[in-house]
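Here is what each chain is made of, one letter per residue.
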Amino acid sequence: ALRGVRFAEVVVMMMAAQNRFEEQDLRIADLIEREGRAIVLAVNKWDLMEKKGGLISALRTDADHWLPQIKGVPIVAVSGLMGEGIDRLMQAIQDAYAVWNRRVPTAALNRWFEQAVQANPPPAVSGLRLKLNYITQTKARPPSFVLFCSRADAVPQAYLRYLTNSMREAFELPGTPVRITLREKANPFAHKRKRPS
C-alpha cells in the first residue's frame with residue numbers, strides 16, 4: 001500500500017461505513033497528504049447504513065474534522081456488493097486529478113494574496129512586523145507555491161494554515177495537498193552596508 005501511494009497520482013482511500021476514521025485511516029490519509037497525492041474517500045458498505053437524511057453531510061463534517069490537512073476531500077458512498085456509486089467514484093477520481101493538476105493564473109493569485117493579507121495581516125513576532133511580499137505558483141501536482149517574505153522562520157504555522165485554507169476556498173482546491181514554501185527575499189542593499197572602521 002505504501003509503495004502504491006508513492007507511485008499513484010490519485011489515491012482512493014476505502015473506509016467501512018460503520019467504522020469510519022479509525023486511527024489507521026487517519027495515518028494513511030496523512031501519508032497520502034505528505035506524499036502530495038490527490039485523494040478521494042470511498043465509504044464502502046453504504047447499503048448497510050440506515051437510510052435517514054443528513055448522513056452524507058454528517059460524513060462531510062466528520063471528514064473535515066478528522067482530516068483538516070485535506071479539507072474538502074471528495075467523499076463517495078459506495079456499495080461493493082451492490083455495485084452502487086461506482087460511476088460517482090470514477091467521476092470523483094477524474095475531478096480530484098484535475099484539481100491536483102490545477103495552475104492558478106498569476107493575476108488571480110496576486111489579487112487573492114493581497115485580499116487575504118489585508119483581511120488577516122500576519123502577526124508581529126517579537127515586536128517586529130512580518131512582511132509578506134508576494135506569492136507565485138512554482139508547480140502543480142500538487143499545487144505548490146513560494147511565498148517571499150521577511151523572516152521566513154518567524155511566520156507562524158497557524159498563519160500558513162490560514163493562507164492554505166483561504167487559497168483552497170478561493171481557487172477551488174478541495175481535498176488536494178497545497179504546498180506553501182517560505183523564502184526570504186534577498187536584501188538588494190546588503191552589499192552596501194558600512195564596513196567597521
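Rules behind the numbers
Throughout this description, residue numbers start from 1 for each chain and increase along the sequence as written. Where local features are concerned, this predicted model is filtered to residues with pLDDT of at least 70; where side-chain atom pairs are given and counted, the filter is 80 or more; whole-chain, interface and lining totals use all residues. Only hydrogens and water are set aside; all other atoms, that is, all heavy atoms of the structure, feed into the side-chain values. The distinction between a cavity and a pocket rests on a 1 Å grid over the protein atoms alone: a 1.4 Å probe fits inside a cavity but cannot get out, while a pocket stays open yet meets protein on both sides within 12 Å along at least five of seven lines, and a residue with an atom within 4 Å of a point counts as lining. Grid points are joined across faces, edges and corners, and a volume is the space filled by probe spheres set on the points. Helix and strand definitions follow DSSP, with helices as H or I runs of at least four residues and strands as E runs of at least two, each counted in order from the N terminus. Three categories are distinguished: nonpolar for Ala, Val, Leu, Ile, Met, Phe, Trp, Tyr, Cys and Pro, charged for Asp, Glu, Lys and Arg, and polar for the others, with Gly belonging to the last. For two strands to count as paired, DSSP must find a minimum of two bridges between them. Interaxial angle, 0 to 180 degrees, is taken between N-to-C directions of lines fitted to C-alpha atoms, where a helix line uses only the stretch in contact. When checking whether two residues touch, look at their non-hydrogen atoms; a contact exists if any pair is within 4.5 Å. Crossovers are described as right-handed under a simple rule: with the strands pointing away from the observer, the path leading from the first strand over the helix to the second runs clockwise. We define the nonpolar core as a collection of buried residues of types Ala, Val, Leu, Ile, Met, Phe, Trp, Tyr and Cys that are connected through side-chain atoms lying within 4.5 Å of one another. The buried label applies to any residue whose accessible area, calculated with a 1.4 Å probe on protein chains only, is under 20% of its type's maximum; exposed applies above 50%, and partly exposed to all values in between. Note on charges: Lys and Arg go in the positive column, Asp and Glu in the negative column, and His and the chain ends are not counted at all. Each salt bridge in this description consists of a side-chain nitrogen of Lys or Arg and a carboxyl oxygen of Asp or Glu lying within 4 Å of one another. Definition of a polar contact: a pair of N or O atoms within 3.5 Å, with one able to donate and the other able to accept a hydrogen when the atoms are protein atoms, and with sequence-neighbouring residues admitted only if both atoms are side-chain atoms. Stacked, tilted and edge-to-face are the three classes applied to pairs of Phe, Tyr and Trp rings, where Trp contributes its six-membered ring and a pair requires centres within 6.5 Å; stacked means planes under 30 degrees apart, edge-to-face means over 60, and tilted covers the rest.

Draft legend 1. Region of the structure containing the layout of surface pockets. The space that makes up the largest pocket amounts to roughly 290 Å³. Surrounding the largest pocket, 13 residues form its lining, Leu160, Arg161, Thr164, Arg168 and Val178 being those nearest its centre. Contributing elements (two or more residues each) for the lining of the largest pocket: helix H6 (157–170) and strand E6 (179–184). Take the lining of the largest pocket: its biggest share by element is six residues, from H6. Tallied by class, residues from the lining of the largest pocket come to four nonpolar, four polar and five charged. Size it by volume and the second largest pocket reaches roughly 150 Å³. Lining the second largest pocket, in full, are Lys71, Gly72, Asn165, Ser166, Arg168, Glu169, Glu172, Leu173 and Pro174.

Draft legend 2. Spotlight on the sheet that holds E6. What the three strands build is an open sheet, ordered E4-E5-E6; its pairing is mixed. Each end of this open sheet is capped by a strand with a single partner; those strands are strand E4 (132–139) and E6. The average angle at which neighbouring strand axes cross in this sheet is 25°, direction not considered. Two strands pair when backbone bridges link them, and E4 and strand E5 (residues 144–149) are joined in this way by six bridges, in the antiparallel orientation. Bridge pairing links leucine 132 to cysteine 149 in E5. Lying over the sheet, H6 contacts E4, E5 and E6, oriented at roughly 130° with respect to E6.

Draft legend 3. Summary view of the pairing of E6. Where E5 lies against E6, six bridges are found, and the strand directions are parallel. Counterpart to cysteine 149 in the pairing with E6 is glutamate 184. For the crossover from E5 across H6 to E6, the handedness is right-handed.

Draft legend 4. Local environment of the nonpolar core. If you look at the biggest cluster of nonpolar residues, it comprises 25 residues, and the most contacted ones within it are Leu109, Trp112, Ile135, Met167 and Phe171. When contributions to this core are tallied by element, the ones reaching two or more residues are helix H5 (106–119), E4, E5 and H6. Of all the elements, H5 adds the most residues to this core, at six residues. Excluding residues that lie within four positions of it along the chain, leucine 109 makes contacts with Val104, Ile135, Thr136, Gln137, Phe145, Met167 and Phe171. Counting 22 residues, the second-largest nonpolar core is a separate cluster that includes Met13, Ala29, Leu41 and Ala63.

Draft legend 5. Quick look at the side chain of arginine 37. Position of arginine 37 among the secondary structure elements: in the loop between helix H2 (23–34) and strand E2 (38–44). Although buried, arginine 37 forms no salt bridge, and the nearest oppositely charged side chain, glutamate 35, lies 4.3 Å from it. In this structure the side chain of arginine 37 is engaged in a polar contact, spanning 3.1 Å, whose partner is the backbone oxygen of valine 5. In this structure the side chain of arginine 37 is engaged in a polar contact, spanning 2.6 Å, whose partner is the backbone oxygen of arginine 6. The contact partners of arginine 37, leaving out residues within four places of it in the chain, are Val5, Arg6, Ala8, Glu9, Val11, Ile32, Trp100 and Pro177.

Draft legend 6. Geometry of the packing of aromatic side chains. Scanning the entire structure with this criterion turns up five aromatic pairs. Considering the side-chain rings of tryptophan 112 and phenylalanine 113, the 6.2 Å spacing of their centres and the 45° angle between planes classify their relative orientation as tilted. The class for tryptophan 112 is buried, based on a relative accessible area of 6%. In this structure an aromatic cluster arises from ring pairing among Trp112, Phe113 and Phe171.

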